[in-house]
Amino acid sequence: MINNQKGNALITVMLISLVFTALGLAIVSTTISGTKRLENRKTDINLSYNSVKVVEEITTNITKSLDSINLKSFMDRSSGELTIYSSFGPALENMLHDSLNTISANDREKIECLSIVDESGDTVKEVASSNICIDDLSRFKPYHIKTDQDFTRVFEIVLITKNPNQQQGKITRTIRKRIILSPLPSFLKYAVGSTSTDEDSGLFLNGSPNLNGNVYGNKLTINEDAKYQLRDTSWKTKETPMPSIVGDLYSSTANLLPVIKNENNFYKKDVPALKHDSQFVDINFAESFKEQTNKIAAKTGIFPPSSAIGSAFKEELINNIKVQKFSNTPGMTEINKEDVINKPLSIVEKGENTLIDSYMIESGTAPINYPDSVTINGDLVVMSSGNSINFGDDLVVDGDLYVVSYKNISLKNIFVTGDIHLINFDGKLLVNDSIICGGTLAVESNAAYQTSNGIELNGDIITGGNLSLYPIDTTIKVNKNIVINGAFTILGNDELAQETEALNENDEVIFSSVVYVGGTTSISNVNILGAENRELILLGNKDLMITRINEFQNFDPLAEKNKEYLPEIDNTIKPLKAFFYTEANAELYGVGSLFYIDGGLFAKKRLEINAIRGEVKNINNLPSRLFQEDKLSRFIVHFNDEVLLQKIDALPIVEHLQIYSDELIIE
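Remember, it's a predicted structure, so these values are computed and weren't measured experimentally.

A. Geometry of the overall build of the protein. Helix and strand counts for the protein stand at seven helices and 48 strands. Relative to all contacts within the protein whose residues are 6 or more apart in sequence, the contacts with residues 24 or more apart total 58%. When the 62 positive and 87 negative side-chain charges of the protein are each reduced to one mean point, those points stand 8 Å apart.

If you want it as structure tokens, here you go:
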């Protein structure tokens, strides 16, 4: 049988044509969809970029406008406490509203709504807007700042965008940026910084410190070799990876451009963004020192010295104590005098000092209580050898004062024209009010159990001379502010020199204080902790030196596990809760030492940081550069921005608010 197959060829051709047509349509459809998705993605990226640009523009405008509000016009300190006039709030809100009017017409087309939300007080409120679009304020967090007593404000800029080309579909983005307006000095905005542009000054990063937070510098020098000093005082260097800056780099000059152009200057070639800070304001240290002295003196009834820092300040302080406290005292308290006092009068000097012809209060057989003020014209020793001693009113001494504790001692105000020695072998030694000391104040403690024993200073302090803190295998607590005319020293045990071993640093000082230092500052073999969400803020007039911190100890684990290059919670290495500022120079070495500062570090002239990364158990056996890679740095500064939200009366208030840009969120 013969079959006719001509029709089959036609059907085959049609089927093939149909398949190819369908395939072609599918390809075209996929291409169109891909192109559309690509266009939408491009639009999405452009929209996000433009939105961030608008928010940054608003932030810049606010920064520029802050100079129009002079804080001194809105405050009253005549009562000793800061009071903010009610007109400050509306003035600030008007300034914020005006900053929104500067947005260009082109950018406005892309904005669905824009609001600034005030999170400062107990209630969150919207203070400026362009097309209100926030219906629910419950998701914002109030910061509970007392706005009638504090200039600090927290605002959140919220911007919701829209896609101007409706054919591309509806694409929206929400940008949220929190800003903090603070009256605190500019140096508190940075993890690390230096303002100087002088020769041999500025910011020097030698080796591989890790700076987590914004950094300020008008002159920056980066070197891959970290310097360090041996105990025989000879100097060496060690090649390291480069420094890491996890934040932005701020400057008021263009000097830093050549440094940031070279990506090899930074750890893992991660170059920080360079930003301009035209708002940076230096503090007037001498004026702030005097203002804080006046404030403390006024509380205690002592005329403050009119002289500036130095010998004249000391002489005037001594004279004022004599005039104010001895002339107003009705009579001398009867205290026995000893021909020779041969008792242990120091822990750190290890010897037994001998005092001749001095007054003595000793609680050997029974407790002693003085409900009224005690005034002594000569040297005085107060020793709780067997029982407690309590002073219910002022202790005034025209001479030197030794307070030696074996059992509890409690004091109120102390006024002394000479030197003061507070020595705690055991028991609790409490100073519940102010200390005005014409000479040097030395605080020594060797109490074993800080929770029940130890030294606690709960009042403000002024010294005409130096101030030294010696916590020996224990803790000293300082809860108020200090003005020191001379040098400031904090010194713990040097376990390596004494060939004793400690698993971690056990010499500690807990601060909730602002400390002004007229002379140099030296801190060694000690840990500095904070109390009640506060910390140490130290402002020094001369050089700052911090050495032998966590010497030859190491983070555990050593490896970097987050993009900030910060350690995980470590029970051995406790962060130093402090902001350090000096008008002069500071040199710090994270080679044998291990620094982890939870705060900041600033020098007006020269700030030099030397650091390596990784494990060090012996200064003669440092890891090579290769073995330092991906290991935690031995010098870390983690900026603590919570300081900007604190009301710190002891710090100078600048004339204009400073802006700190907090987190930026794209939703």
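B. Quick peek at the pairing of strand β31 (residues 454-457). Burial along β31 is two-sided: the residues Gly-454 and Glu-456 and Ile-455 and Leu-457 are all buried. Both strand β28 (residues 428-431) and β31 contribute to a ladder of four bridges, which runs parallel. In the strand pairing of β31, Leu-429 is matched with Ile-455. In this sheet, strand β34 (residues 475-478) lies alongside β31 in parallel orientation, the contact comprising three bridges. For Ile-455, the partnering residue across the bridge sits in β34 and is Ile-476.

C. Molecular detail of the sheet that holds strand β3 (residues 111-118). If you walk across this open sheet you meet the five strands as β4-β3-β5-β6-β48, and the pairing is antiparallel. What marks the edges here is a single partner per strand, and that holds for β4 (125-130) and β48 (658-666). With strand direction ignored, the average angle separating the axes of adjacent strands in the sheet is 20 degrees. By the bridge criterion, seven bridges tie β3 to strand β5 (residues 153-161) in an arrangement that is antiparallel. When the bridges of β5 are listed, Asp-118 appears paired with Phe-155. Lying over the sheet, helix α2 (residues 88-100) contacts β3, β4, β5 and β6 (174-182), oriented at roughly 30 degrees with respect to β4.

D. Inspection of the sheet that holds β34 at higher detail. As summarised here, the arrangement of the eight strands in space is β19-β22-β25-β28-β31-β34-β37-β40, forming an open sheet in which the pairing is parallel. Lying at the two open borders of the sheet, with one neighbouring strand each, are β19 (368-370) and β40 (527-530). When strand polarity is set aside, the average angle formed by the axes of neighbouring strands in this sheet is 10 degrees.

E. Representation of the nonpolar core within the structure. Of all hydrophobic cores here, the largest spans 119 residues; its most connected members are Leu-380, Leu-401, Leu-422, Ile-435, Phe-488, Leu-539 and Phe-580. For this core, the element with the highest residue contribution is strand β45 (residues 595-603), accounting for five residues. Once you skip the residues sitting within four places of it in the chain, Leu-422 turns out to touch Val-403, Leu-429, Val-431, Ile-435, Leu-441, Ala-442, Val-443, Glu-444, Ile-455 and Leu-457. Counting residues in hydrophobic clusters, the runner-up holds 32 residues, among them Leu-82, Val-127, Leu-159 and Ile-179.

F. Layout of the environment of Lys-577. Summarising the element assignment, Lys-577 is placed in the loop between β42 (544-547) and β43 (578-582). The exposure class of Lys-577 is partly exposed, given its relative accessible area of 22%. Here the alpha-carbon distance between Lys-577 and His-638, two residues 61 residues apart in the chain, equals 9.9 Å. In contact with Lys-577, not counting residues within four places along its chain, are Ile-528, Leu-529, Gly-530, Arg-534, Glu-535, Leu-536, Asp-598 and Asn-640. Only 3.4 Å separates the side chain of Lys-577 from the side chain of Asp-598, close enough to count as a polar contact.

G. Looking closely at the side chain of Ser-524. Inspection of the secondary structure puts Ser-524 in strand β39 (residues 521-524). Those residues in contact with Ser-524 that lie beyond four places of it in its chain are Ile-490, Leu-491, Gly-492, Thr-547 and Arg-548.

H. Layout of the environment of Gly-454. Its place among the elements puts Gly-454 in strand β31. Those residues within four positions of Gly-454 in sequence are excluded, and the remaining contacts are Asn-424, Gly-427, Lys-428, Leu-429, Ser-445 and Ala-447.

I. Spotlight on the pattern of salt bridges. All chains considered together, the criterion is met by 27 salt bridges. As a salt-bridge pair, Lys-343 and Glu-362 come within 3.4 Å of each other at their nearest N and O atoms. Separated by 19 residues along the polypeptide, Lys-343 in the loop between β17 (337-342) and β18 (354-362) and Glu-362 in strand β18 bring together distant segments of the chain. According to the relative accessible area criterion, Glu-362 is partly exposed, its value standing at 33%. Note that Glu-508 and Lys-574 form a salt bridge whose closest N and O atoms lie 2.9 Å from each other. Of this pair, Glu-508 sits in strand β37 (residues 508-511) while Lys-574 is found in the loop between β42 and β43, placing the two residues 66 residues apart along the sequence. Connected via shared salt-bridge partners are Glu-119, Glu-156, Arg-176 and Arg-178.

Rules used throughout
Residues numbered from 1 in each chain as written. Predicted model: local features only at pLDDT ≥ 70, side-chain atom pairs only at ≥ 80, totals over all residues. Heavy atoms only, no water. Helix = DSSP H or I, 4+ residues; strand = E, 2+ residues; numbered from the N terminus. Contact = heavy atoms within 4.5 Å. Lys, Arg positive; Asp, Glu negative; His and termini not counted. Charge placed at Lys NZ, Arg CZ, Asp CG, Glu CD. Buried < 20%, exposed > 50% of the residue type's maximum accessible area, 1.4 Å probe, protein only. Pairing = 2+ DSSP bridges. Axes fitted to C-alpha atoms, helices over the stretch in contact; angles between N-to-C directions. Core = buried A, V, L, I, M, F, W, Y, C linked by side-chain atoms within 4.5 Å. Polar contact = N/O pair within 3.5 Å; in protein donor to acceptor, adjacent residues only side chain to side chain. Salt bridge = Lys/Arg side-chain N within 4 Å of Asp/Glu carboxyl O.

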